[in-house]
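Descriptive structure summary
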Amino acid sequence: MSAFNCPLFDEEITNRREPYHVEDDVSIPLEHFYIPEHYRDTLSHVLMPHGAIMDRVEKLAYDISKDYKGHTIHMLCVLKGASTFFGDLTMALRRFHDYARLNYIPYTFDFVRVKSYEGMESKGRVEIQGCDVSGLAGKHVLFVEDIIDTGLTMSSLLAYLNEQIKPASVRVASLVEKRTHRSCGFKADYVGFSIPDVFVCGYCLDYNEVYRDMKHLVVLNKTGIDRFRDYEI
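Fair warning: this is a prediction, and the values are worked out from it, not measured in the lab. (Residues numbered from 1 in each chain as written. Predicted model: local features only at pLDDT ≥ 70, side-chain atom pairs only at ≥ 80, totals over all residues. Heavy atoms only, no water.)

Focus: the overall build of the chain
Looking only at helices and strands, the chain has four helices and 10 strands in total. By residue count, 48% of the 233 residues in the chain fall in the buried class. When contacts within the chain are restricted to residue pairs at least 6 apart in sequence, long-range pairs at least 24 apart make up 69% of them. Taken as a whole, the chain presents about 11,700 Å² of accessible surface, with 50% of it coming from carbon and sulfur. (Helix = DSSP H or I, 4+ residues; strand = E, 2+ residues; numbered from the N terminus. Buried < 20%, exposed > 50% of the residue type's maximum accessible area, 1.4 Å probe, protein only. Contact = heavy atoms within 4.5 Å. Areas by Shrake-Rupley, 256 points an atom, 1.4 Å probe, with all protein chains shown as cover.)

This is the structure we're talking about:
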């Protein structure tokens, strides 16, 4: 199942570029990286260091800039988890646009809030909150998401947009896509990393609002899961 089965710019949709595949047994020792003291005893290992994340974000920006050349994208950042990815992605898009000395606006953006996660599991029920998206009719829309887990969240978002707003096209960029038996089959168009079915945090991905300040993508240990299971701000 692709993000949205419709032509982009009256042409066939470019085939999805496969993400970087993180093997199931990847476990990078914490000792090789700076880990904030307040998280030191709550992590199992690093799944992907910050430098590798930034390199993949730059490549995604390059692919997006090529695919949308000549067209302004309206980007929808899914808060809160995608905010860091969104910021780095738009900065990279702007660099490529400026280097090419292009004379059109590369992107505009808006924010949406989606409630679907509670603790470590996706609830499946999606509640869309936040900005007014009624002005997206006829525009080329790119959702920016932090993680595709079951795929239910993004499927619901696209269904809403398709039924209610009628954009010219819609695609999805996600930092991470999880390989899980719980998936509904949804696949994003631009994905940084395909990861095993582990609970990953960091780079603004959270566990009950914790770990958003962690630079790397990390996997929690039992201490971290227990300590922040009922965490309240």
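Next comes the rest of the account.
Remarks on the pairing of strand β8 (residues 190–195)
Counting buried positions along β8 gives six out of six residues, so the element sits mostly inside the fold. Two strands pair when backbone bridges link them, and strand β1 (residues 20–21) and β8 are joined in this way by two bridges, in the parallel orientation. Residue pairing in the sheet places H21 in a bridge with S194 of β8. Two elements, strand β7 (residues 169–178) and β8, share five bridges in a ladder whose sense is parallel. If you follow K178 over to β8, its bridge partner there is I195. (Pairing = 2+ DSSP bridges.)

Examining the nonpolar core
Counting residues in each nonpolar core, the largest one holds 33 residues, and the members touching the most others are I64, M75, L89, L175 and L217. The set of elements that each furnish at least two residues to this core consists of β2 (43–48), α1 (50–67), β3 (73–79), α2 (83–99), β6 (140–148), β7, β8 and β10 (217–220). If sequence neighbours within four positions are ignored, I64 has contacts with I73, L89, L93, L142, A173 and Y190. By size, the runner-up hydrophobic cluster in this structure holds 19 residues, among which are M154, L157, L158 and L161. (Core = buried A, V, L, I, M, F, W, Y, C linked by side-chain atoms within 4.5 Å.)

Looking at helix α3 (residues 152–164)
With 13 residues, α3 extends 18 Å from end C-alpha to end C-alpha; this agrees with the ideal 18 Å at 1.5 Å per step. Within α3, the full set of buried residues consists of T153, M154, L157, L158 and L161. Across the axial projection of α3, the buried residues extend over an arc of 125 degrees, all falling on one side. Of the residues in α3, the exposed ones pointing more than 90 degrees away from the buried face are E163 and Q164. (Expected span 1.5 Å × (residues − 1). Arc of directions from axis to C-beta.)

Some remarks on unusual backbone geometry
Cis rather than trans, the peptide bond between L79 and K80 has omega equal to 0 degrees. Locating K80 in the fold gives a position in the loop between β3 and α2. Its identity as a non-glycine residue notwithstanding, C204 has a phi of 80 degrees, on the positive side. Considering the arrangement of structural elements, one finds C204 in the loop between β9 (200–201) and β10.

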